[in-house]
Every structure is written in structure tokens, then in C-alpha cells.
Amino acid sequence: MRPTLPPCSHTPAPYTGPSYEECLRLRQEHLPPSYLTYYSKPLMLVEGAMQYVWDETGKRYLDGFGGIVTVGVGHCHPHVVAAADFHNHRIQHTTTLYLHPTVGQYAQKMASTMPGDLKVCYFVNSGSEANDLALMMARAYTGNYDIIALRNSYHGGGQSTMGITGNHTWKYNQPQGQGVQFAMTPNRYRGLFGYDDPQAGAKYAADVKNLIEFGTPGRVAAFIAESIQGVGGFIEFPDGYLQDVYATVRAAGGLCIADEVQAGFARSGDKYWGFELHGVVPDIVTMAKSIGNGCALAAVVTTKEIASALKSRIHFNTFGGNPVACAQGLAVLEVIEKENIQEKMRVLGGRLRDGFLRLQQKHQAIGDVRGRGFIQGVEFVKDRASKEPDKDRCSKVLEFAREHSLLLGRGGIYGNVLRVTPPMCLTADDVDYIIDVVDLALSAD
Ligand SMILES: Cc1ncc(COP(=O)(O)O)c(C=O)c1O
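Residues numbered from 1 in each chain as written. Predicted model: local features only at pLDDT ≥ 70, side-chain atom pairs only at ≥ 80, totals over all residues.

## What about the nonpolar core?
Taken as a class, soluble globular proteins show a tendency for nonpolar side chains to be buried jointly.
Phase 1 of the analysis: Ranked by size, the top nonpolar core spans 123 residues in total, and within it Ala138, Ala222, Phe223, Ile257 and Ala299 carry the most contacts.
Phase 2 of the analysis: Take this core: its biggest share by element is 9 residues, from helix 10 (residues 323-338).
Phase 3 of the analysis: Each of domain 1 (20-73 + 341-443) and domain 2 (80-338) gives at least three residues to this core. (Core = buried A, V, L, I, M, F, W, Y, C linked by C-beta atoms within 7 Å. Buried ≥ 20, exposed ≤ 12 C-beta atoms within 10 Å, placed from the backbone. Helix = DSSP H or I, 4+ residues; strand = E, 2+ residues; numbered from the N terminus. Domains from an automatic or database assignment.)

Here is the structure:
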């Protein structure tokens with residue numbers, strides 16, 4: 001039986017803009033051919049309200065991908081829109097050359113979510129910029145050059161962040177990654193040390209020590225890792241891994257950078273920040289995506305001492321600290337708190353995970369289910385013993401879901417991992433709808 005999309009009280013405005021065909025033509029003629037689209041027939045979206053989006057025909061979809069983990073608290077969340085509206089009518093741009101109340105209030109609120117001395121915020125416009133700045137800061141502070149990143153990571157599309165991205169799909173054949181070394185991915189599904197190995201964390205961490213000893217001058221500027229690898233297919237690290245790695249990196253004079261671009265902002269349910277799942281405190285935290293619920297905002301949070309390393313020159317970012325973007329970011333933090341989103345993620349994320357685990361028992365195509373809260377991945381294989389990746393299956397599930405009014409994402413180097421990262425405002429019925437549609441998709445052939 002075809003599952004029914006849960007009801008919604010929002011009525012979209014009739015779409016009166018250029019036709020689908022015209023938008024496709026504009027895209028083909030004037031936007032870069034390297035842009036990727038999902039689906040055999042690209043989808044056009046013209047309106048959004050909380051967990052739902054609408055195409056130009058008025059068809060409604062449940063957004064199970066959140067605009068790539070970016071619409072954190074819901075499309076056009078009223079509190080976030082009101083904050084941006086207010087500032088849009090007061091002053092839209094100031095720069096950090098002048099004082100403005102919102103940027104400081106936002107930084108203070110952000111600092112209140114962080115442990116230890118992580119109290120200073122640099123605001124920038126994208127995750128790539130945030131990671132680029134974090135690398136520069138680590139090198140300036142330590143006086144060291146080498147960076148340890150992880151294979152299967154994604155940290156951005158700029159020249160320096162492509163250099164710390166450990167996945168060939170995202171790397172152009174150009175000079176990049178000077179001083180960057182890649183350690184083994186602590187992937188317990190496909191890696192050397194599996195879920196059944198209680199020492200997996202320590203064993204994967206030993207590779208970082210080995211790399212520092214043999215592949216660097218013995219001193220490093222930083223170790224950078226996503227708290228849950230996102231684009232790489234939601235790889236969660238084994239217990240103890242980050243604790244061991246952080247100790248090793250610090251002993252070699254380096255700083256530890258946590259990239260929270262996908263895992264942060266209460267999405268995991270168990271903790272507010274992904275690094276907290278591992279009982280570590282980074283020296284630098286980078287964040288983007290859900291930080292602004294859809295506006296161009298990102299941040300680097302660190303200690304005053306580390307931030308001071310950039311005082312020898314001027315570091316300036318025109319839109320960093322923009323009042324409208326900061327108001328929107330502040331509103332996101334307020335919503336996460338007021339709507340008790342972390343607890344909601346714990347409960348609904350558990351429901352989502354239980355649903356996928358049930359599907360894994362039913363469908364041989366599901367090799368692995370991983371993640372927590374609203375950051376969950378389902379890895380498709382052709383055969384459970386060989387673990388041969390099944391990219392086609394993932395494509396079929398995505399297409400089927402789209403036909404059934406559900407948008408999902410994909411990831412992993414083989415393109416065979418379904419990524420489920422909805423806005424954090426779904427109901428239990430929405431969660432059940434996701435499970436029912438994926439179940440039906442896998443039962444379809
Ligand atoms: C973990 C992670 N870091 C950094 C980035 C780069 O962010 P942006 O696309 O805003 O530059 C991304 C983007 O997908 C990401 O997933």
C-alpha cells in the first residue's frame with residue numbers, strides 16, 4: 001500500500017515565476033556545467049515551510065535531506081525569518097570595523113554552547129572558508145606546517161580545503177594539499193578493524209601516530225576531522241579513537257580541529273556537538289550549514305590565545321559578522337534551545353534508526369545502518385559477504401522516494417549510501433513515512 005504523506009497546514013502561494021523549461025534553459029546556458037543535479041529529471045523547488053518543500057506544480061515533498069544538512073530548524077522557521085526581517089529593515093551591512101550589538105550577542109550565545117576556553121568566534125561565509133581559516137590559524141599558532149587529515153573526509157571545495165579532502169571525487173588534478181598527510185579512515189564497516197573489535201579505536205589511532213613519526217618532521221600544525229564524516233557516508237568513529245589521536249597530535253605540538261559542519265547543532269541527539277560524543281575538547285571548531293538555517297554563514301570558534309596568533313597581520317572578511325546573518329544564526333541557537341531540539345533528535349533519531357535496523361533485517365540490500373539523531377546513513381551492497389557497493393540501488397531508492405514525495409540524499413565514495421538528514425522539526429509520522437517509503441522502494445523489485 002502506498003504510504004500517505006502526513007498532513008500539512010501550510011498552503012503554498014501559486015507559483016507565477018518562469019516555467020520549469022525556462023529555468024532549465026537558464027541553468028544550462030548560464031550556470032556552470034560542473035553543477036550537479038539529483039534525479040533523472042532535475043527537481044525545481046519554489047517554496048518551503050518547516051519540513052516540507054513544494055515544486056512549481058504545487059507538489060509537496062517531505063525534505064529528508066534539509067538542503068544538504070543545512071536547513072536545521074525548518075524551512076523559513078518563523079523565529080529565524082522574523083530575526084532576519086527585523087535586521088533587514090534596520091541595517092543590512094556594517095563590517096567588523098564598527099560595533100554592532102548582534103554580532104557580539106551571537107558570539108556570546110555561541111560560546112555558551114562550547115566547553116572549556118572555546119570562547120572566541122570568527123564569522124565567515126562558508127564551511128570552506130571556516131576550514132581554510134582554521135588551518136591558517138593552526139599554522140600561525142604552532143609555527144608548524146604539516147596537517148593530518150583523514151581519508152574519506154570532505155572539508156570544502158576551495159584550493160586549501162580540497163587539499164585536506166580525502167576523496168578523489170572532489171579533487172581536481174592541481175597542486176593542492178601541501179603539507180597534508182591522510183590517515184586511515186576509522187571505518188568499521190569497510191576498514192581493517194570492524195564493529196566486533198573493541199580495540200578498533202586504539203588501532204586506527206595508532207595509524208595517526210605512525211604517520212606523524214614517518215611522514216612528517218615529527219611536529220604538526222593540526223589534525224582535522226569531521227566529528228561524523230558526512231559526504232563520506234556518515235562514518236562514525238569508534239570509541240576512544242579521537243581521545244587517542246588528540247593526545248598524539250598534541251604531543252607532536254599540533255592543534256585538534258573538529259569540523260562540525262554536518263554533525264553539530266544538536267543533530268546527533270545525544271550531544272550538542274559531535275566532538276562531545278567522543279569526550280574530547282578540540283582547540284578549534286569549524287561550523288557552517290545548519291548554523292544559519294539557509295543563509296551564508298559559517299564560523300570558527302577557538303580560544304583567545306589561539307585566535308591571537310592572527311594578530312601579527314590583519315585578517316578581514318567583508319561579510320563575516322554581517323548583522324542580518326548573525327541575527328539569523330542567533331535565532332537558530334534560540335530555536336534549538338526553546339524547542340528542546342536535542343532531546344527531540346534523541347527520541348526521533350532513535351525511531352528513525354530502529355526503523356532502518358528493521359529494514360536491514362528485511363532487505364539483504366542494506367549492508368550497514370549507521371549514524372544517530374537526524375544524521376543517518378544506509379549503505380547498499382550487492383552482496384552482504386563481499387560488500388560490493390550498490391550505487392544503482394541507491395539511485396533507484398532516491399528516484400522512487402522522489403516519486404513518493406520524499407527527498408533524500410546520497411554519499412560515500414561509491415555513491416551507495418543513502419543520507420538522511422531532515423530539518424530537525426519532523427514529527428514521528430514524518431519519520432515513519434521515511435521508513436515506509438524506503439521499505440516500499442526496496443520491495444519494489
Ligand atoms: C564536513 C564539511 N565541511 C566543510 C564543508 C564545506 O562547506 P561549504 O560548502 O559551505 O564551503 C562541507 C560541505 O559539504 C562539509 O560537509
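## Some words on the domain arrangement of the protein chain
How large an interface is tends to be reported as the accessible area lost when its parts come together.
Phase 1 of the analysis: Assigned domains within the protein chain: domain 1 (20-73 + 341-443) and domain 2 (80-338).
Phase 2 of the analysis: Averaged C-alpha coordinates put domain 1 and domain 2 at centres separated by 25 Å.
Phase 3 of the analysis: Contact residues are listed per partner, giving 28 residues for domain 1 and 29 residues for domain 2.
Phase 4 of the analysis: Among the elements that make up the side of domain 1 that touches domain 2, the one with the highest residue count is helix 11 (residues 341-362) (5 residues). (Contact = placed C-beta atoms within 7 Å.)

## What about the site of the ligand?
Phase 1 of the analysis: Every one of the 14 residues lining the ligand counts as a neighbour, but Ser126, Gly127, Ser128, Gly156 and Val261 are closest to it.
Phase 2 of the analysis: In terms of residue class, the shell around the ligand is built from 4 nonpolar, 8 polar and 2 charged. (Near = placed C-beta within 6 Å. Nonpolar A, V, L, I, M, F, W, Y, C, P; charged D, E, K, R; others polar.)

## Details of the sheet that holds strand 15 (residues 406-407)
Phase 1 of the analysis: Ordered by their spatial adjacency, 4 strands build an open sheet running 1-2-3-15, and the pairing between neighbours is mixed. The open sheet terminates on both sides in strands that have one partner only, identified here as strand 1 (45-49) and strand 15.
Phase 2 of the analysis: Where strand 3 (residues 60-63) and strand 15 come together, 2 bridges link them in parallel fashion. Bridged to Leu62 within strand 15 is Leu406. (Pairing = 2+ DSSP bridges.)

## Side note on the sheet that holds strand 10 (residues 255-259)
Phase 1 of the analysis: Pairing is mixed across the open sheet formed by 7 strands, whose spatial order is 4-12-11-10-7-5-6. The outermost strands of the open sheet, each flanked by one partner alone, are strand 4 (120-124) and strand 6 (180-183). In this sheet, adjacent strand axes meet at a mean angle of 20° when their direction is disregarded.
Phase 2 of the analysis: Bridge count for strand 4 against strand 12 (residues 298-302) is 5 bridges, and the pairing is antiparallel. (Axes fitted to C-alpha atoms, helices over the stretch in contact; angles between N-to-C directions.)

## Re the environment of Gln159
Phase 1 of the analysis: Along the chain, Gln159 falls in helix 6 (residues 159-163).
Phase 2 of the analysis: Judged by the 15 C-beta atoms lying within 10 Å of it, Gln159 falls in the partly exposed class.

## Some points on unusual backbone geometry
Phase 1 of the analysis: You will see that Tyr39, though not glycine, has its phi angle at about 80°, which is positive.
Phase 2 of the analysis: Of note, Tyr39 is situated in the loop between helix 1 (20-30) and strand 1.

## What about the packing of helix 11 against helix 13 (residues 428-443)?
For any two helices packed against each other, one specifies the crossing angle of their axes together with the interaxial distance.
Phase 1 of the analysis: It is the contact of helix 11 with helix 13, at a shortest axis distance of 10 Å, that shows an interaxial angle of 15°. On the basis of the axis angle, helix 11 is roughly parallel to helix 13. When the axes of helix 11 and helix 13 are compared, the crossing they make is right-handed. Residues Leu348, Arg351, Leu352, Gly355 and Leu359 of helix 11 form the contact with helix 13, whose own contacting residues are Ala428, Val431, Ile434, Ile435, Val438, Asp439 and Leu442.
Phase 2 of the analysis: Each residue belonging to the contact of helix 11 with helix 13 can be placed in one class, and the counts come to 9 nonpolar, 1 polar and 2 charged. (Parallel < 35°, antiparallel > 145°, perpendicular 65-115°, else oblique. Left-handed = near helix turned anticlockwise from the far one by under 90°.)

## Some words on helix 11
Phase 1 of the analysis: Counted at 1.5 Å a residue, the expected span for helix 11 with its 22 residues is 32 Å, and the 31 Å between its end C-alpha atoms agrees.
Phase 2 of the analysis: What helix 11 keeps buried is the set Ile341, Gln342, Met345, Leu348, Gly349, Leu352, Phe356 and Leu359.
Phase 3 of the analysis: Where the residues of helix 11 are buried, they touch helix 10, strand 13 (366-372), strand 14 (375-380), strand 17 (417-420) and helix 13. (Expected span 1.5 Å × (residues − 1).)

## Section: helix 5 (residues 127-142)
Phase 1 of the analysis: Counted at 1.5 Å a residue, the expected span for helix 5 with its 16 residues is 22 Å, and the 22 Å between its end C-alpha atoms agrees.
Phase 2 of the analysis: Counting buried positions along helix 5 gives 13 out of 16 residues, so the element sits mostly inside the fold.
Phase 3 of the analysis: Just downstream of helix 5 lies Gly143, where phi reads positive at about 75°.

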